[in-house]
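Topology and contacts: notes
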Amino acid sequence: MADKLDWNNIGFQYRDTNGYMKYTWTLETGWDKGTFETDPYLKVHMCSTGLNYGQQCFEGLKAFKDKEGRVRIFRPQENAARMKRSGPIAHMPEVPEDIFLDGCRRTCEKNIEFVPPAETDGAFYLRPLLFGSGPMIGMNAAPEFTFVVFGMPVGNYYKGGIKPATAYVMESIDRAAPKGTGSAKLGGNYAPTFGPMLKKMAEGYTLTMHLDAKNRTHVDEFSTSNFVALTPPDENGVRTFVTPNSESILRSVTRLTLEDICTKFGWKVEERPVAFSEIIEGKFNEVAACGTAVVLTPVKSITRGDQVINIGDQEKIGEGFQRLYDYYRGIQKGEIKDEFGWMWPAEGLA
């Protein structure tokens, strides 16, 4: 199948591959050693808690092939740690890091020919998924859980270059609330935003944005990704990277990575409450959404009701985020030395 792919035009969509890794947990036996499966259809009980009560969580990460032919996964330990936090929030067993990494490694190795060549700027997107697969009609945890890791080749999201996006502040729906589940990567946090998000996309907006549910005065995040911003450089050329520290948002691996790069650049990093008024007042000359699929999507305007707030360059990504993006992607592609030890395993997969 892989030999028939047009690597320069694969887009960002699901594709069948050779198969995926599957692990099963029961209270009596714990996690098994896993099997490689080739049928993309899972046989799941109709009374499973994953289907009936949304007892599930997921992750997203990427593997890259560099110009030396090495295939390495970007920061899988961070995704493993986040799934270990998400699982218990939905009363699911933790997936140990060694099983998480084993699933990512074996899925990549069994699909090595599906990892896009380095020159295409593509990646092999991995989707670890944990869900209640056993039957339970009562309000309780499943007697059985399934953990799968599947993947697919994806192209460069910005094939035509990075274009600034437009965002719309959602007033009719909140993605999460204080002391809710917004900090966990649960499927139930995303599905309710699909309809409102697609409606705004049909009206010409690229992104939808959420404020804090309690007071509607501070920024939480975008429907798909974290909010990040940069201040103009000071007299010494130092910028400040600002991002919300709300308890209702996901702890983005991309954001954590950008923060580490900022520190390397000698820039300041602030995780703090971000008042929406700061955007209105022009405190930031660059704003972006950050996430695994795209790394950074610069935002040129934010609309709230009848108010349109223009931000930074209207035609291209700003200088600060461009520098961050280039360094980030340089490490993933093997063009910049990985001083942080983010690419795993360092020697590459078999």
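Every value quoted in this text rests on a predicted model; they were computed, and no experiment measured them. (Residues numbered from 1 in each chain as written. Predicted model: local features only at pLDDT ≥ 70, side-chain atom pairs only at ≥ 80, totals over all residues. Heavy atoms only, no water.)

It is worth spelling out the environment of T217 at this point. The topology assignment puts T217 in the loop between β10 (207-211) and β11 (219-222). T217 gets classed as partly exposed once you look at its relative accessible area, which sits at 37%. Distance from T217 to P192, taken between C-alpha atoms, is 22 Å for residues 25 residues apart in sequence. Apart from the residues lying within four places of it in its own chain, the contact partners of T217 are D212, A275 and F276. (Helix = DSSP H or I, 4+ residues; strand = E, 2+ residues; numbered from the N terminus. Buried < 20%, exposed > 50% of the residue type's maximum accessible area, 1.4 Å probe, protein only. Contact = heavy atoms within 4.5 Å.)

By size, the foremost hydrophobic cluster in this structure holds 37 residues, and its most contacted members are W31, I73, F100, L130 and F147. Listing elements by their share of this core, those giving two or more residues are β1 (20-26), β5 (61-65), β6 (71-74), α2 (76-89), α3 (97-110), β7 (123-132) and β8 (144-154). Sorting elements by how many residues they give to this core places α3 first, with five residues. In this view, I73 contacts L61, K62, A63, C104, R105, C108, L126, W342, M343, W344 and L349; residues no more than four positions away in its chain are not counted. Counting residues in hydrophobic clusters, the runner-up holds 30 residues, among them F241, I261, V294 and L296. (Core = buried A, V, L, I, M, F, W, Y, C linked by side-chain atoms within 4.5 Å.)

Now for the packing of helix α5 (residues 253-265) against helix α7 (residues 319-332). One way to put it is that α5 packs onto α7 with a least axis distance of 10 Å and a crossing angle of 105°. Taken together, the axis directions place α5 and α7 in an arrangement best described as roughly perpendicular. Residues T254, T257, L258, I261, C262, K264 and F265 of α5 lie in contact with α7, whose contacting residues are R323, L324, Y327 and Y328. Here the contact of α5 with α7 is built from residues that sort into seven nonpolar, two polar and two charged. (Axes fitted to C-alpha atoms, helices over the stretch in contact; angles between N-to-C directions. Parallel < 35°, antiparallel > 145°, perpendicular 65-115°, else oblique. Nonpolar A, V, L, I, M, F, W, Y, C, P; charged D, E, K, R; others polar.)

For α2, with 14 residues, the first-to-last C-alpha span of 20 Å sits near the 20 Å given by 1.5 Å per residue. Within α2, the full set of buried residues consists of P76, N79, A80, R82, M83, S86 and G87. The buried side chains of α2 occupy one side of the element, clustering within an arc of 165° when seen end-on. Positive backbone phi, approximately 55°, marks H91, located one or two places after α2. (Expected span 1.5 Å × (residues − 1). Arc of directions from axis to C-beta.)

Here the UniProt-annotated "modified residue: N6-(pyridoxal phosphate)lysine" (unreviewed entry) positions come out as K185. For K185, the location among the structural elements is in the loop between β9 (165-169) and α4 (191-202). Setting aside residues up to four positions removed in sequence, K185 forms contacts with C57, F58, E59, G60, R82, S86, Y190 and L250. (UniProt positions renumbered as here; feature names shortened; annotations may be inferred.)

Relative to the assigned elements, N111 resides in the loop between α3 and β7. By relative accessible area, which is 0% here, N111 ends up buried. Distance in space between the C-alpha atoms of N111 and I261 is 31 Å, their sequence separation being 150 residues. With near-sequence residues (within four places) excluded, N111 lies in contact with T17, N18, G19, F36 and F124. At 2.8 Å, the side chain of N111 forms a polar contact with the backbone oxygen of T107. (Polar contact = N/O pair within 3.5 Å; in protein donor to acceptor, adjacent residues only side chain to side chain.)

Let us now look at unusual backbone geometry. Negative phi is the rule for most residues except glycine; trans is the rule for most peptide bonds. That bond from W344 to P345 is cis: its omega, -15°, falls within 30 degrees of zero. Phi is positive for R75, close to 50°, though the residue is something other than glycine. With respect to the secondary-structure elements, R75 resides in the loop between β6 and α2. Backbone geometry places H91, a non-glycine residue, at a positive phi of 55°.

Ring pairs (aromatic) are described by centroid distance and by the angle formed between their planes. Going through the model one piece at a time under the given rule, you end up with 13 aromatic pairs. One aromatic cluster is present, formed by Y23, W31, F100 and F147 through successive ring pairs. Above the plane of the ring of Y168 lies K200, whose end atom (NZ or CZ) is 3.9 Å from the centre. If you follow R323 out to its NZ or CZ, it ends over the ring of F265, 3.8 Å from the centre. (Phe/Tyr/Trp six-rings, centres within 6.5 Å; stacked < 30°, edge-to-face > 60°. Lys NZ or Arg CZ within 6 Å of the ring centre and 35° of its normal.)

What follows is about the pattern of salt bridges. Following the criterion strictly, the structure yields 25 salt bridges and no others. Note that K67 is salt-bridged to E335, the shortest N-O span being 3.6 Å. A residue pair is termed long-range when its members are at least 10 positions apart, and K67 in the loop between β5 and β6 and E335 in the loop between α7 and β18 (343-344) qualify at 268 residues. Relative accessible area serves as the criterion here: at 68%, K67 is assigned to the exposed category. (Salt bridge = Lys/Arg side-chain N within 4 Å of Asp/Glu carboxyl O.)

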